[in-house]
Amino acid sequence: MGTQQLVYLTIIATSFFPWLVISTTTTPASLPASTTAVGVALGNLTEWERWQAFRSGQGLPGNYSKAVRPNSEDRWTDILCGIRMSDVGSLSHTTMKFEASFDLTLEWRDPRLAGMVRSTTPIPTTMLWTPAISFGKKVQVITDGGARNEEEGVITAWVMPDGTIANKKRYDVKIKCAMDLKAYPVDNQQCSFQFHGLNGALLRLKPTFEWRNDVSLTTDITSVHSAFSVISVQIRAYANSFLDQSQGKGCSYQTSDCEYAQDVCDFEDKGNSQCERYEGSCKNTVQQCALVSSKSSPNTYTTIEMTLKMSRLRNYHLMEIYIPSITIVCLSWVAFWINRAAVPARVALGITTVLTMVTQSTRVVGMPQVSYVRAIDVWALSCQTFVFLALVEYALVNYLGGKEKPKDKPSAPPAPKRSQSKTSEKMNNLDKNIYPNLSTKDVNIDTEDRPSSRENNWMKMNKTSSFSLKVKGGLALVTSGIKKDDNKSDIGAKIDKAARILFPAAFIIFNLVYWLWYVANV
């Protein structure tokens, strides 16, 4: 064969079979007879050389087109899906959204690529047919990791010897979650989001690529930075339709329910493979759905819905709201043991507790405006009622019981004052009448001592009689007044004693009903 004819054959072969160029430059002269044409092209290349060949657009079969779906003659192409939640952010009460990051692994089999490689080989997704995936209305995609990784040269897809393709993408999303805040802050929330498989993609669970067990979702528990803890996850694959009133729309053909144990992993367990790929206890079920068949309407497509059931962590609210409120309510009861005559002390304590409770209640204002009563509203209003009634109780005691007065002994009425000169004159006249012929000059008598002693005796008699009369009447008046005050004081004392028992008992009953009602309903 001449040189010119050899050149013509080379040009023709290159035009119709471009992959032979690689084989002529890299394949040894002797190859196994069973090696296919593609195997001749790629079988003896290193992984790096295969990767470079794929990136340059070479190495794929000549009959391959990424615009054509695998098994295009069939109604559906099975797409196995797996999700790994790698980050869950805080759930905002005002916007009712939370941020999350997850890796979505899609796996399908393309018979056109079977036998192309001898081991798992990376391949650019730009060279392949990939399923058309669309997220639901509740999901706002912030970052599409697949497109970004392709630009940066990060490997996101692999091809296997049997023609299976595994494609892994990372998404950063914001998910809208319509929360029911009736039991806030002892509530549980359910947040759901969907992604749809279009263009004949039959989304199924149970992936095999890099999945250790028969589960469809794993979660990095150490990366859950939220006020909630994930307690269960439900994944449901169901048939959907572009028509709103399609018969059988929404029928499930595959479900997976996973229960998550609480406190199984902490942030300190970062790096633990079991915590970073936590699977939980899952139960998988397969059901029949008439819409998912070989004769399905072109209006039918499939959807995977993932529901996260999360329980709110209550430690923060216990420390910031509940325990301070309980302390304020108990402080208002101290007034029942303070003397009711100490008006400034009891009034100041009552007003202080009321104002403090009002201030404490304003800490729950930063919430969305809802048309129903929340559990935190019931708690705040009840605590305000208890401290307000404690203040009203003292007003009732002060009104019905009167002000307590000190109990002093009754004092004797003042003795009548008599001048010494008048008393001495009366005594002298009495002596002259008895002894008319006797003069003071003749008889040496101590006139100052005798009249004085008589005067004292007479005054003592008058004082005793006057005091006995007046004290009897005064004691009757004073005793009757003290009895009236004691009756009023007894009413106030009884009210205080009753309040010491009734207020704590009522608050304990309220706590039992409150916690049992909301925790049981949650």
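Residues numbered from 1 in each chain as written. Predicted model: local features only at pLDDT ≥ 70, side-chain atom pairs only at ≥ 80, totals over all residues. Heavy atoms only, no water.

Enquirer: Describe the pattern of salt bridges, with residues and values.
Expert: One pass over the structure, following the stated rule, counts nine salt bridges. Notably, a salt bridge pairs Arg170 with Asp103, separated by 3.4 Å at the nearest N-O pair. Here Arg170, found in strand β7 (residues 164–176), pairs with Asp103, found in strand β2 (residues 97–109); they are 67 residues apart in sequence, far enough to count as distant. Arg236 is the partner of Glu305 in a salt bridge, and the nearest nitrogen-oxygen pair spans 3.3 Å. Taken together, the residues span a long stretch of sequence, with Glu305 in strand β14 (residues 300–312) and Arg236 in strand β11 (residues 228–241) at a distance of 69 residues. On the basis of relative accessible area, Glu305 is assigned to the buried category, the value being 16%. Overall, the relative accessible area of 21% leaves Arg236 in the partly exposed class. (Salt bridge = Lys/Arg side-chain N within 4 Å of Asp/Glu carboxyl O. Helix = DSSP H or I, 4+ residues; strand = E, 2+ residues; numbered from the N terminus. Buried < 20%, exposed > 50% of the residue type's maximum accessible area, 1.4 Å probe, protein only.)

Enquirer: Which residues make up helix α8 (residues 343–361), and what values do they have?
Expert: Spanning 19 residues, α8 covers 27 Å between terminal C-alpha atoms, matching the ideal 27 Å at 1.5 Å per step. Taken together, the buried positions of α8 are occupied by Arg346, Leu349, Gly350, Thr353, Val354, Met357, Gln360 and Ser361. Taken end-on, α8 shows its buried residues confined to a sector of 130 degrees, consistent with a single buried face. Turned more than 90 degrees from where α8 packs its buried face, Pro344, Leu355 and Thr359 sit exposed. (Expected span 1.5 Å × (residues − 1). Arc of directions from axis to C-beta.)

Enquirer: Give me the pairing of strand β13 (residues 281–286): which residues, what numbers.
Expert: Taken across its six residues, β13 has zero buried, putting it largely on the surface. As judged from the six bridges shared by strand β12 (residues 252–259) and β13, these two strands associate in the antiparallel manner. Across the sheet, Asp257 pairs through a bridge with Lys283, a residue of β13. (Pairing = 2+ DSSP bridges.)

Enquirer: How would you sum up the packing of aromatic side chains? Please name residues and give values.
Expert: Across all of its chains, the model carries 23 aromatic pairs by this definition. Ring centres of Phe386 and Phe510 lie 6.3 Å apart, and the angle between their planes is 50 degrees; this geometry places the pair in the tilted category. With Phe386 in helix α9 (residues 375–401) and Phe510 in helix α11 (residues 449–521), this pair connects stretches of sequence that are 124 residues apart. The class for Phe510 is buried, based on a relative accessible area of 16%. A network of ring pairs unites the aromatic residues Tyr322, Trp333, Trp379, Phe386, Phe507, Phe510, Tyr514, Trp515 and Tyr518 as a single cluster. Over the ring of Tyr372 we find Lys182; its NZ or CZ atom is 5.7 Å from the centre of that ring. Lying across the ring of Tyr238, Arg236 places its NZ or CZ 4.1 Å from the centre. (Phe/Tyr/Trp six-rings, centres within 6.5 Å; stacked < 30°, edge-to-face > 60°. Lys NZ or Arg CZ within 6 Å of the ring centre and 35° of its normal.)

Enquirer: Can you tell me about the sheet that holds β13, naming the residues and giving the values?
Expert: On the basis of which strands lie adjacent, the open sheet formed by six strands has the order β4-β8-β14-β11-β12-β13 and antiparallel pairing. Looking at which strands have only one partner, the edges of the open sheet turn out to be β4 (132–135) and β13. Averaged over all pairs of adjacent strands, the angle between their axes in this sheet comes to 15 degrees, without regard to strand direction. Two strands pair when backbone bridges link them, and β11 and β14 are joined in this way by 13 bridges, in the antiparallel orientation. For Tyr238, the partnering residue across the bridge sits in β14 and is Thr303. (Axes fitted to C-alpha atoms, helices over the stretch in contact; angles between N-to-C directions.)

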